[in-house]
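Listed here are the chains, written in short residue letters.
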Amino acid sequence: MQHRAMTRGPDGTEPRGPGGTAAPRRARRAVPVVPGLPCVPGLPAVLALLTLAVLGGPLLAAPAVADPAAAGPGVVLPAPVAPAQGSQWYHAVLGLAQAQQVSEGAGAVVAVIDGGVDAGHPKLQGQVLPGAGVGPGAAPDGWRDDDPDGHGTAMAGLIAGRNDNGRPEVRGIAPAARILPVSTGAEADSAEVAHGIHRAVDLGADVINLSLGSAGAATGDEREAVAYAFAHDVVVVASAGNVETGDSEINSPANIPGVVAVTGSTARGDFWRGSSRGARAVIAAPAPGIRAPVPTRVSPDGLDTGAGTSNSAAIVSGVVALIRSAWPDLDAPNVIERLIYTARDAGPPGRDVEFGFGIVDPAAALTRPVPAVAANPLLATPTRWGTAGQPPAGADPAGAGSGSGSPGGTTGDGGSVGSGGAGRADGSGAGSHGGGDLGSSAAAVPPTGADGRAEPADGAATPPGLTAGAPTDPADGRERGAAAGGGSGQDRAGGSLAAAGGSGGSGGPGGRSGLLAALVWVGGLALAVWLGGLLGVSAHLLSARRATTHGGPRGHS
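Residues numbered from 1 in each chain as written. Predicted model: local features only at pLDDT ≥ 70, side-chain atom pairs only at ≥ 80, totals over all residues. Heavy atoms only, no water.

Enquirer: Which parts of the structure should I look at to understand the overall build of the chain?
Expert: Counting its regular elements, the chain contains 10 helices and 14 strands. Looking at the 557 residues of the chain, the share that counts as buried comes to 55%. Only carbon and sulfur atoms are counted for the fraction: they give 60% of the accessible area of the chain, which is about 21,400 Å². (Helix = DSSP H or I, 4+ residues; strand = E, 2+ residues; numbered from the N terminus. Buried < 20%, exposed > 50% of the residue type's maximum accessible area, 1.4 Å probe, protein only. Areas by Shrake-Rupley, 256 points an atom, 1.4 Å probe, with all protein chains shown as cover.)

Enquirer: Explain a nonpolar patch on the surface here, please?
Expert: On the surface, Leu527, Trp530, Leu531 and Leu534 cluster together to form a nonpolar patch covering roughly 410 Å² of accessible area. Relative to the assigned elements, Leu534 resides in helix H10 (residues 514-547). (Patch = residues over 30% accessible without salt bridge, like charges linked within 9 Å, V, L, I, M, F, W, Y side chains within 5 Å. Salt bridge = Lys/Arg side-chain N within 4 Å of Asp/Glu carboxyl O.)

Enquirer: Please clarify how the pattern of salt bridges should be interpreted in this entry.
Expert: Pairing between side chains of opposite charge can happen when their charged atoms approach one another. Within this structure, the stated rule accounts for eight salt bridges. Linking Arg167 and Glu169 is a salt bridge whose minimum nitrogen-to-oxygen distance equals 2.7 Å. For Glu169, a relative accessible area of 12% translates into the label buried. A salt bridge links Arg344 to Asp361; the shortest N-O distance between them is 3.7 Å.

Enquirer: I would appreciate a short explanation of the nonpolar core in the present structure.
Expert: Looking at soluble globular proteins, one finds that nonpolar side chains tend to be buried together. Ile208, Val260 and Val316 are the most contacted members of the largest nonpolar core, which has 87 residues in total. The dominant element in this core, judged by the number of residues it contributes, is helix H7 (residues 309-326), at 10 residues. Ignoring sequence-local partners within four residues, the contact set of Val316 consists of Val237, Val260, Val262, Ile283, Ala285, Leu339 and Val360. (Core = buried A, V, L, I, M, F, W, Y, C linked by side-chain atoms within 4.5 Å. Contact = heavy atoms within 4.5 Å.)

Enquirer: Explain the packing of H7 against helix H8 (residues 332-341) to me, please; I cannot follow it from the model alone.
Expert: Angle between the axes and distance between the axes are the two parameters that describe a pair of packed helices. Put simply, H7 and H8 touch, their axes get as near as 10 Å, and they point 120° apart. Crossing hand, H7 versus H8: right-handed. In contact with Val316, Val319, Val320, Ile323 and Arg324 of H7, H8 contributes Ala332, Val335, Arg338 and Leu339. Considering only residue class, the contact of H7 with H8 consists of seven nonpolar, no polar and two charged. (Axes fitted to C-alpha atoms, helices over the stretch in contact; angles between N-to-C directions. Left-handed = near helix turned anticlockwise from the far one by under 90°. Nonpolar A, V, L, I, M, F, W, Y, C, P; charged D, E, K, R; others polar.)

Enquirer: Quick question: what am I supposed to make of the side chain of Asp345 here?
Expert: Within the secondary structure, Asp345 sits in the loop between H8 and helix H9 (362-367). Polar contacts involving the side chain of Asp345 include one to the main-chain amide nitrogen of Gly350, which spans 3.1 Å. (Polar contact = N/O pair within 3.5 Å; in protein donor to acceptor, adjacent residues only side chain to side chain.)

Enquirer: Any chance you could explain the sheet that holds strand E4 (residues 178-183) here in plain terms?
Expert: Hydrogen bonds along the backbone pair up the strands of a sheet, which may run parallel or antiparallel. The strand order across the open sheet formed by seven strands is E3-E4-E2-E5-E6-E7-E8, and the pairing between neighbours is parallel. Edge positions in the open sheet fall to strand E3 (132-133) and strand E8 (283-286), since each of these has one partner strand only. Of the pairings in the sheet, the one linking strand E5 (residues 207-210) to strand E6 (residues 235-239) comprises four bridges and is parallel in character. By the bridge assignment, Ile208 is partnered in E6 with Val236. Its contacts with the sheet place helix H4 (residues 151-160) against strand E2 (109-114), E4 and E5, and it is angled at close to 160° to E2. (Pairing = 2+ DSSP bridges.)

Enquirer: Quick question: what am I supposed to make of the environment of Ile336 here?
Expert: Here Ile336 is to be found in helix H8. The class of Ile336 is buried, set by a relative accessible area of 2%. When the C-alpha positions of Ile336 and Ile323 are compared, they lie 9.4 Å apart, and in sequence the two are 13 residues distant. Residue contacts for Ile336: discarding those within four places in its chain leaves Val235, Gly258, Val260, Asn376, Pro377 and Leu378.

Enquirer: It is not clear to me how the packing of aromatic side chains should be interpreted in this structure. Could you clarify?
Expert: Aromatic ring pairs are described here by two measures, namely the spacing of the ring centres and the angle between the planes. As enumerated under the stated definition, the model contains two aromatic pairs in all. Between Trp89 and Tyr90, the aromatic rings sit 6.3 Å apart at their centres with planes inclined by 80°, giving edge-to-face as the arrangement. Plain terms: the ring middles of Phe271 and Phe355 are 5.9 Å apart, the flat faces sit at 75° to each other, and that makes the pair edge-to-face. Taken together, the residues span a long stretch of sequence, with Phe271 in the loop between strand E7 (260-265) and E8 and Phe355 in the loop between H8 and H9 at a distance of 84 residues. Given the relative accessible area of 3%, Phe355 is considered buried. (Phe/Tyr/Trp six-rings, centres within 6.5 Å; stacked < 30°, edge-to-face > 60°.)

Enquirer: Help me out: how do you make sense of empty space enclosed by the protein in this one?
Expert: Rolled over the atoms, a probe with the dimensions of a water molecule shows which regions are left empty. Tallied over the full model, the rule gives two cavities of 30 Å³ or more. Of the volumes computed, that of the largest cavity is approximately 40 Å³. Along its surface, the largest cavity is lined by Ala254, Ile256, Pro257, Gly258, Val259, Arg280, Val282, Arg351, Leu378, Ala380 and Pro382. Taken together, the residues of the lining of the largest cavity break down into eight nonpolar, one polar and two charged. (1 Å grid on protein atoms, 1.4 Å probe; cavity = no way out; pocket = protein on both sides within 12 Å on 5 of 7 lines; lining within 4 Å. Points joined across faces, edges and corners; volume = space filled by probe spheres on them.)

Have a look at this one:
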């Protein structure tokens, strides 16, 4: 499956699952190769000065992932917090320090279905619950990582790695959450993944992380297992897939309607080109250059740097754990709605095939008012603006609803989920995001406002310690975090900043033209270089003048 994305068979062939289906692959976490810079004296200092001159304000500013104005009157957001010393780039981009002021995931259980987890790793000591083994030779409790690359340990560390043991920059999104390992052993197939989902649900998971996948439609076993998770109020998060394995479309089980399919983003807020894409993309999260714990048999220091949508899915699973901890009374559909409603729009305005609803925004997901929904908002056929008739930006209109059979017929009280048709959910009703066919004809449809989004019910819950406030009224008819004009945008250099133009490079309403931004950046760089040269020449002339002056020391005048 996508992200254990590697050849699984001992003879170099790809193992096959039941019925000849491709076996899921854990994504390879490839170590990025960074070309070395030539050894030029003073080059680091020059680069640092140029960077500060051109981007100093944005880079040094604390992440502004939540815009107080966008939160509505009376809502108190956590004060901006500078990234902790030793933070990785994605911690700063996501504003993790601010989000963890609200929640660290206490009480949430995240199942990691993978090759097992090294429960003795310093970053995971005390974080791992007794789990299960579903594959041949798998550890019965999941407490051994049989994956050749230590993939399961890495995913567990990204989700809930300790922040008080070992290197400070390697820590989890939800360090107070607990990991439930479900091991498929060294290899996996679709039947084992489906069995693992059942075991995770039965053992009490609140969130299931699937950093794995295989190309094509999901099997009947996988669809049934995902429906079982939905019926038991469990959020299922899966990685979209990596193009290095030849998977250009969203993999299964990520392409099953209702699953949070996660694509990859970069430090600049761009789409990571190693990620699969498609109409079923739901949300994006950081993918490349991420350091995570692995067994010492993989790396002597127990750490490894890798890239892949496996990382992206694990990060989103951690954010879901933060939400489930901060909002313990929210059911799974409303947890998902909170996740996508507050995402920072990126790429073409609205939902698109690369970012889905946008880049995950942990602090906004924890603090912003979000309308209630009656059913999983991802069961509907994907659309760009939440209304029927227009597929996500970049999608083939004829194939926007295609994919594996969707679980449909979700009842209003979260009851059992049946099997739906290809690419659609059975039933009817206006979807808050998908527009049409929510798969819940029995569910009451919340009242909607002029923008087509559901209005919060009177007395709707607000985050612990926060006061109720009205949701924003974005110009594009959908709350997109801070993407609409005047909001808090993402710094294109990897940090965050308050920018009147909204999300950097998103092209959304009120957004600054990418060409104009590039010209401004180049102009600033040229000015910095010119000023640096002028100062250098002046200093040289002054030094030469002093060297030719032989007068004695002067006294005070």
